[in-house]
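Residue-level structural notes
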Amino acid sequence: MNNKVKKAVIPAAGLGTRFLPATKTIPKEMLPIVDKPSILYIVEECARAGIEDVILVAGRNKTAIEDFFDTSHEVESVLEAQGKIDLLEHICSIKNLVNIISIRQKFAHGLGHAIATAAPITGSEPFAVLLGDEIMISKDNQPSAIEELCRAFEDTHISTVATMEVPKEDVSKYGVIDCESIGVNKWSIKNVVEKPSPESAPSQFVLPGRYVFTASIMQELKTTRPGKNGEVQLTDGMTAVAKKEGLHAMTVQATRYDAGDKLGFLQANIELALKHPELKQPLTGYLKKLCETF
Ligand code: G1P
């Protein structure tokens, strides 16, 4: 069995209703965090893990994402003519990060259905899944979040997903795992519950949107009935995989930003801008002044 993870699936078919009207004509994945569209952070995370093919499961009005990872003759020739070679090289490097393969999810039947749409491309190979609302930033000398999961999977051959502990009142925003410890920051999953109430949650360990699966998740998702909110839930497919061939969870080192809602998106922008070499100093000064006035 080939255990090298070379493919990743990024579901990108959502309408981005939480960011309307900004997302009326622009895919939410193209909203910038500092100076990069959020999807680029996700694709860079894949590239750092050695993933070669990124499968975008898109809906209508998402062609801007494909265009972003393609050549822009106009932009490139203008930069060349202006002698802006560093910027030109930076722009050109984006299209060489990975191969983008695009497939349409024709019906909005939920996350599990979106991922199953990519089955003809993932075939019998293991693959990663990255949810674009969650931005994971690792330090230069650290592996990316998905890289940590890929390496763990390559060792164990068991589907492995990221987990993190959240306060009890927050569990209902996430898939929550019922698990037992199998080592330092590692768990074996018995069951996964999608967005339970704090009272009924099996633990405070939730799924922050990074997964590596064997191909069997696709088999399970094909026959998974609609669950929570009438949607085919990835978490229901995961429970089936856990029972059939095992499923592991682990924490990852990267800093996570919940860019799926307005506050998290602003926090990601502020914190990443504070790490940006050009913005760090002026933004710190501005924020200090602002805090004095409020
Ligand atoms: C999805 C998943 C959930 C996961 C979450 C992470 O929910 O269904 O299991 O924990 O992403 O962000 P969504 O936030 O899309 O409703």
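The following refers to the structure shown. (Residues numbered from 1 in each chain as written. Predicted model: local features only at pLDDT ≥ 70, side-chain atom pairs only at ≥ 80, totals over all residues. Heavy atoms only, no water.)

**A word on the overall build of the chain**
On a plain count of helices and strands, the chain comes out with eleven helices and 15 strands. Scaling as 2.2 N^0.38, a compact globule of 294 residues should have a C-alpha radius of gyration of about 19 Å, and the chain matches this with 20 Å. Reported as C-alpha extents along the three principal axes, the dimensions of the chain are approximately 60 × 50 × 40 Å. Of all 294 residues assigned to the chain, the portion counted as buried reaches 47%. Put simply, of all contacts in the chain between residues at least 6 apart along the chain, 77% involve residues at least 24 apart. (Helix = DSSP H or I, 4+ residues; strand = E, 2+ residues; numbered from the N terminus. Rg over C-alpha atoms; globule rule 2.2 N^0.38 Å. Buried < 20%, exposed > 50% of the residue type's maximum accessible area, 1.4 Å probe, protein only. Contact = heavy atoms within 4.5 Å.)

**Notes on the environment of Glu278**
As for its placement among the helices and strands, Glu278 is situated in the loop between α10 (262-273) and α11 (280-293). Here the alpha-carbon distance between Glu278 and Lys288, two residues ten residues apart in the chain, equals 17 Å.

**Quick word on the site of the ligand**
Around the ligand, a shell composed of Leu111, Leu131, Glu134, Tyr174, Gly175, Glu194, Lys195, Leu207, Gln233 and Thr235 is seen. Glu194 is positioned with one of its side-chain polar atoms (N or O) 2.6 Å from an oxygen atom of the ligand. Between an oxygen atom of the ligand and a side-chain N or O atom of Lys195, the distance comes to 2.8 Å. Taken by itself the ligand offers 380 Å² of open surface, and the protein chains cover 77% of this. Here the residues of the shell around the ligand are counted per class, giving four nonpolar, three polar and three charged. (Near = heavy atom within 4 Å. Polar contact = N/O pair within 3.5 Å; in protein donor to acceptor, adjacent residues only side chain to side chain. Areas by Shrake-Rupley, 256 points an atom, 1.4 Å probe, with all protein chains shown as cover. Nonpolar A, V, L, I, M, F, W, Y, C, P; charged D, E, K, R; others polar.)

**A look at the packing of helix α3 (residues 73-81) against helix α4 (residues 85-95)**
Helix packing geometry: the angle between the two helix axes and the distance between the axes. Close contact between α3 and α4 brings their axes to 9 Å; oriented N to C, the two are set at 155°. In terms of axis orientation, α3 runs roughly antiparallel to α4. You can see that α3 and α4 cross each other, and the crossing is left-handed. Between α3 and α4, the residues in contact are Glu76, Leu79 and Glu80 and Leu87, Leu88, Ile91, Cys92 and Lys95, respectively. A breakdown of the residues in the contact of α3 with α4 according to their chemical character gives five nonpolar, no polar and three charged. (Axes fitted to C-alpha atoms, helices over the stretch in contact; angles between N-to-C directions. Parallel < 35°, antiparallel > 145°, perpendicular 65-115°, else oblique. Left-handed = near helix turned anticlockwise from the far one by under 90°.)

**Some points on the packing of aromatic side chains**
A full pass over the atoms with the stated rule returns five aromatic pairs. When the ring of Phe19 is compared with that of Phe265, the centres are 5.3 Å apart and the planes differ by 65°; the resulting orientation is edge-to-face. A residue pair is termed long-range when its members are at least 10 positions apart, and Phe19 in the loop between β1 (7-12) and β2 (32-33) and Phe265 in helix α10 qualify at 246 residues. Between Phe127 and Phe213, the aromatic rings sit 6.2 Å apart at their centres with planes inclined by 55°, giving tilted as the arrangement. Taken together, the positions of Phe127 in strand β6 (residues 127-130) and Phe213 in strand β13 (residues 210-213) put the pair 86 residues apart, joining distant regions of the chain. For the pair Phe127 and Phe213, one class covers both residues: buried. Through successive ring pairs, a cluster of aromatic residues spans Phe127, Tyr211 and Phe213. The residue whose ring lies beneath Lys36 is Tyr41, and the NZ or CZ to ring-centre distance is 4.5 Å. (Phe/Tyr/Trp six-rings, centres within 6.5 Å; stacked < 30°, edge-to-face > 60°. Lys NZ or Arg CZ within 6 Å of the ring centre and 35° of its normal.)

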